[in-house]
Amino acid sequence: MERTEAAKPGRTARESFSAALLALITCQVGLHACTQGVRMAAPLQALGAGQGEWSVGVLLALFAVFPALLAVAAGRMADRHGYHRPVHLAGTLSLLGALAAAVSGHYLVLCLAAAMCGAGSGFGMVAIQRTGGRLAHDRTERMRIFSWIALAPAVAGLIGPLLAGTLIDALGFRAAFAALAVLPAATLVVAQAVPRETGRVADAAAARPRPAWELLRDTRFRRLLFINWLVSASWDVFGFALPIVGHAHGLSASAIGGVLAAYAMASMGVRLLIPLLAHRLSRRLMMVGALSAVAFVYAAFPLLQGAWAMGVAAAVLGLALGTIQPAILASVHDIAPPERQGEAMAVRSMSVHLSMALTPLLFGVAGSAIGAATLFWLMAAALGAGGWQARAMGSADESTRGENR
C-alpha cells in the first residue's frame, strides 16, 4: 500500500489491503448513518415541538452548509496529517452532535447537532476518499476501491433512518439519538485498522497553504466539477420532481416509493458489479455513456405513464448515476497533484454540499414557474452539455495498460 506501514507479521499484503478497505467502508457507514439518522429525526422532533416549515428548512440546510464551509480545511488536514487525525475529529464531532440531541430537544440544540453531524460526516468523507485512492496500486484497482466506497452512503442511508425511526416509535427521540451516537463511536474504534502513513505527505511548498482555487486552473478538474454538479443536481431534480409528476399521473404514495426503491436498488447493484469489470471499463466512456443515458431518461420521463414505466426509467437512472460516481472520484484523485489530493476531494465535496443546500431551492422556484416537465427537459439539455465535456476530457485510460505492467 502506497505510503503506509508494512503489513503486520503473519498477514499477507492482500489481507492487510482488504482489512484496510473494509475499515474505510465501515468508518464511512458509521459517520454517514449517524448523520442520516439525525437528519430524519431532528426535523420530526422540531415539528413535534411546534416549529414551522421555515425553521425545519434551516435545520436541514445546516447538514449541508457546514460540510461545504469546512471541506477545504478537511482536505488540507488529510494532506498534511494523513487519515487518522481528520477521521478522529469527524467521529468526535458526530458523536457529540448526536449526544447533544439526546440530552436536549430544544430547537437550537438540534441545529447544533445538525451542524456537528454534517461537519463530521463531511470531514470524514474527504479523508476516507483520499486514503482509499492512495491504497490502490494502479488505476484499475482505484476504480474498484471507489466503487466499494461509493456503496457506503447507500448502506448508511438504510441503516441510519431505519434505526432512528424504529427507536423513535418504540422508545422516543432521546433513545434514538443516543443509539445513533454509537455509530460514530464505532468509527473511532474501527479507524485504528487503517494503516498509518509513514511521514508527512505534504512537501515544504504545500506546508504553506495555497488557495484552493488554484486547482481550478486545470481544465480537466473544472470539467470534472461541472460533471459532478450535474450528477448531484440530477438526483435533486429527480427527488423534487418525481412526487409532482407521479401525483399528476395519479400514482399512489406507495407506487412513488417503489419508483424511488428501483433507483436505489439499481444504484447499489451497479456499484457491486463495477469491481468485477473495472479492468474492462474506460472512465471516459463510462462518464459519457452515463450522462447520455440520464439525459435520455430525463427527456422521456414526463411522457411516461404508469408506475412500471417510471420504475424502469428510475432503474436506468440508478445504473447510470451509480456508475459515474466512482469514475469521477478516481479521476479527481489522478488529476490532482499527490500533495493536494485531499484538497481536490474537498473542493469536489464542497461543490456537492453547496448543490445540496441551494439546488432544491432553485428547482422549487423554477418548478413552480415552468412546471416539473420543463424542468426535466432543461436538465436533459444540461446533461447533454455534460456529456460533451466528458468527451472533451480525452481518455487518460490509455495509460492504464502501461501503468499496470
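Predicted model, so just to flag it, every value in this text is computed and none were measured.

(A) Geometry of the overall build of the chain. Helix and strand counts for the chain come out as 14 helices and zero strands. The helix and strand sequence of the chain, counted from the amino end, reads α-α-α-α-α-α-α-α-α-α-α-α-α-α. For the chain, buried positions account for 52% of its 405 residues. Taking the contacts inside the chain whose residues are at least 6 apart along the sequence as the reference set, 85% of them involve residues at least 24 apart. If you sum the accessible surface of the chain, you get close to 17,300 Å²; carbon and sulfur atoms cover 67% of it.

(B) Examining helix α4 (residues 107–135) more closely. Helix length check: α4, at 29 residues, gives a terminal C-alpha distance of 42 Å against a target of 42 Å (1.5 Å per residue), a fit within 8%. Counting buried residues in α4 gives 26 out of 29 residues, a clear majority hidden from the surface.

(C) Seen up close, the side chain of T187. With respect to the secondary-structure elements, T187 resides in helix α6 (residues 173–190). Within the structure, the side chain of T187 is placed 3.1 Å from the backbone oxygen of C27, a separation counted as a polar contact. Not counting chain neighbours up to four residues away, the residues in contact with T187 comprise T26, C27, G30, L31 and V87.

(D) Spotlight on the packing of aromatic side chains. Overall, the coordinates contain one aromatic pair when judged by the stated rule. Ring geometry for F226 versus W229: centroids 6.4 Å apart, planes at 20 degrees, classification stacked. A residue pair is termed a helical-turn pair when its members lie 3 or 4 positions apart in one helix, as F226 and W229 do in helix α8 (residues 219–248) at three residues. The class of F226 is partly exposed, set by a relative accessible area of 31%. Assessed through its relative accessible area of 31%, W229 is described here as partly exposed.

(E) Main features of the environment of A74. Position of A74 relative to the elements: it lies in helix α2 (residues 53–81). In this structure, the C-alpha to C-alpha distance between A74 and L89, residues 15 residues apart in sequence, is 9.7 Å. Apart from the residues within four sequence positions on either side, A74 is in contact with F123 and V126.

(F) Highlighting the pattern of salt bridges. By the definition in use, this model includes four salt bridges. One salt bridge in this structure joins D79 and R130, with 3.2 Å as the shortest N-O distance. Of this pair, D79 sits in helix α2 while R130 sits in helix α4, and the two are 51 residues apart along the sequence. Taking the shortest distance from any N to any O, the salt bridge between R142 and D334 comes out at 2.7 Å. Of this pair, R142 sits in helix α5 (residues 139–171) while D334 sits in helix α11 (residues 307–335), and the two are 192 residues apart along the sequence. Given the relative accessible area of 6%, R142 is considered buried. Relative accessible area serves as the criterion here: at 27%, D334 is assigned to the partly exposed category.

(G) Summary view of a nonpolar patch on the surface. A cluster of nonpolar side chains, V65, F66, L69 and L70, forms an exposed patch at the surface whose accessible area comes to about 320 Å². Tracing the sequence through the fold places L69 in helix α2.

(H) Region of the structure containing the side chain of S331. Within the secondary structure, S331 is located in helix α11. We classify S331 as buried; its relative accessible area is 7%. Among the polar contacts listed, one links the side chain of S331 to the backbone oxygen of A327, at a separation of 2.8 Å. With sequence-adjacent residues up to four places away left out, S331 is seen in contact with L224, R283 and M287.

(I) Region of interest: the nonpolar core. In terms of nonpolar packing, the biggest core is built from 62 residues, with F238, Y298 and F301 touching the most fellow members. Counting 49 residues, the second largest nonpolar core, distinct from the first, contains V56, A102, C111 and A179.

(J) Representation of the packing of helix α3 (residues 84–103) against α4. For the pair α3 and α4, the least separation of the axes is 7 Å and the interaxial angle reads 160 degrees. By the angle class used here, α3 and α4 are roughly antiparallel. As α3 packs across α4, the resulting crossing turns out to be left-handed. In this structure, α3 contributes P86, V87, L89, A90, L93, S94, L96, G97, A98, A100 and A101 to the contact, and α4 contributes V109, L110, A113, M116, C117, A119, G120, S121, F123, G124, A127 and I128. Along the lines of polarity and charge, the residues of the contact of α3 with α4 split into 18 nonpolar, five polar and no charged.

(K) Inspection of the state of the cysteines at higher detail. Under the counting rule described, the total for this entry stands at zero disulfides. C117 takes part in no disulfide bond, and the closest cysteine sulfur, belonging to C34, lies 4.2 Å away.

(L) A look at the packing of α5 against α6. Contact geometry of α5 with α6 gives a least axis separation of 7 Å together with a crossing angle of 150 degrees. The orientation of α5 with respect to α6, classified from their angle, is roughly antiparallel. Taken as a pair, α5 and α6 cross one another with a handedness that is right-handed. Contacts between α5 and α6 pair G160, L163, A164, L167, I168 and L171 from the former with F173, A175, A176, A179, L180 and L183 from the latter.

Definitions and limits used
- All chains use their own residue numbering, which begins from 1 and follows the written sequence.
- Only residues with pLDDT of 70 or above have their local features reported here, since the model is predicted, and side-chain atom pairs are shown and tallied only from 80 upward, although totals for entire chains, interfaces and linings are computed over all residues.
- Side-chain numbers here rest on the full set of heavy atoms in the structure, without hydrogens or water.
- Numbering of helices and strands runs from the N terminus; a helix is a DSSP stretch of H or I covering at least four residues, while a strand is a stretch of E covering at least two.
- Note on exposure labels: buried denotes an accessible area under 20% of the residue type's maximum, exposed denotes more than 50%, and partly exposed covers the range between, all computed with a 1.4 Å probe on protein chains only.
- We call two residues in contact when some of their heavy atoms are within 4.5 Å.
- Surface accessibility follows the Shrake-Rupley procedure with a 1.4 Å probe radius. Residue values consider only the protein chains on display as shielding.
- The span expected for a helix works out to 1.5 Å for each residue beyond the first.
- In the analysis that follows, any N or O atom pair within 3.5 Å is treated as a polar contact, provided that within protein one partner can donate a hydrogen and the other can accept it, and provided that, for residues neighboring in sequence, both atoms belong to side chains.
- Ring pairs shown here join Phe, Tyr and Trp side chains whose ring centres sit within 6.5 Å, with only the six-membered ring taken for Trp; geometry is labelled stacked below 30 degrees between planes, edge-to-face above 60, and tilted in between.
- Salt-bridge detection follows one rule: a side-chain nitrogen of Lys or Arg within 4 Å of a carboxyl oxygen of Asp or Glu.
- Note that patches include only residues with greater than 30% relative accessible area and no salt bridge, and the join distances are 9 Å for like charges and 5 Å for nonpolar side chains (Val, Leu, Ile, Met, Phe, Trp, Tyr).
- The set of buried Ala, Val, Leu, Ile, Met, Phe, Trp, Tyr and Cys residues whose side-chain atoms join them within 4.5 Å is what this entry labels a nonpolar core.
- Under this scheme, a helix contributes an axis fitted over its contacting stretch, all axes are lines through C-alpha atoms, and angles between N-to-C directions fall in the 0 to 180 degree range.
- Comment on the angle field: the value is read as roughly parallel under 35 degrees, roughly antiparallel over 145, roughly perpendicular from 65 to 115, and oblique elsewhere.
- Handedness of a crossing is defined here by the sense of rotation of the near helix relative to the far one, left-handed for an anticlockwise turn of less than a right angle and right-handed for a clockwise turn.
- Amino acid classes used here: Ala, Val, Leu, Ile, Met, Phe, Trp, Tyr, Cys and Pro are nonpolar; Asp, Glu, Lys and Arg are charged; the rest, including Gly, are polar.
- To count as a disulfide, a pair of cysteine sulfur atoms needs to be within 2.5 Å.

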